[in-house]
Amino acid sequence: MLATTTGELAAVLDFGDLGGADPACDLAAAWLFFDAEQRARFRARIGTVAPHDENCWARARGWAVVEATAFLMNSEDAPVLDAI
């Protein structure tokens, strides 16, 4: 769930144990909801030091793929996936 204030991201609420406390799971939102410029600003603000180091950001990209696939597989707007 995303919380916004005046159209800007205010919070990302993560329900469930999808990432087993991996901070990369939360960072996946950078690819799911932001364009390249917004993602760069988000990353600059979060930083690239532990626990958000380069490996964490790489895992976050992977989590975004997993989450996007799950969203598509459960979307009525994605009939092409019905054949899978």
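All figures in this text were calculated on a predicted structure; none of them were measured in a lab.

All right, on to the confidence of the model for the protein then. Predicted confidence across the protein gives a mean pLDDT of 79, with 74% of residues reaching 70 or more. For the protein, the element scoring lowest by mean pLDDT is strand β1 (residues 2-5), at 61; helix α3 (residues 36-46) scores highest, at 93.

Below, the discussion takes up the environment of alanine 29. Here alanine 29 lies in helix α2 (residues 29-33). As for alanine 29 and glutamate 67, which are separated by 38 residues in sequence, their C-alpha atoms are 9.5 Å apart.

Further remarks concern the nonpolar core. Generally speaking, a soluble globular protein has its nonpolar side chains buried in company with each other. With eight residues, the main nonpolar core is built from Ala24, Leu27, Ala30, Phe34, Phe42, Cys56, Trp57 and Ala60. Looking at which element gives the most residues to this core, the answer is helix α4 (residues 54-73), with three residues. In contact with alanine 60, not counting residues within four places along its chain, are Ala24, Leu27, Ala28 and Trp31.

Reading the values: rules and limits
Residues numbered from 1 in each chain as written. Predicted model: local features only at pLDDT ≥ 70, side-chain atom pairs only at ≥ 80, totals over all residues. Heavy atoms only, no water. pLDDT = per-residue confidence, 0-100. Helix = DSSP H or I, 4+ residues; strand = E, 2+ residues; numbered from the N terminus. Core = buried A, V, L, I, M, F, W, Y, C linked by side-chain atoms within 4.5 Å. Buried < 20%, exposed > 50% of the residue type's maximum accessible area, 1.4 Å probe, protein only. Contact = heavy atoms within 4.5 Å.

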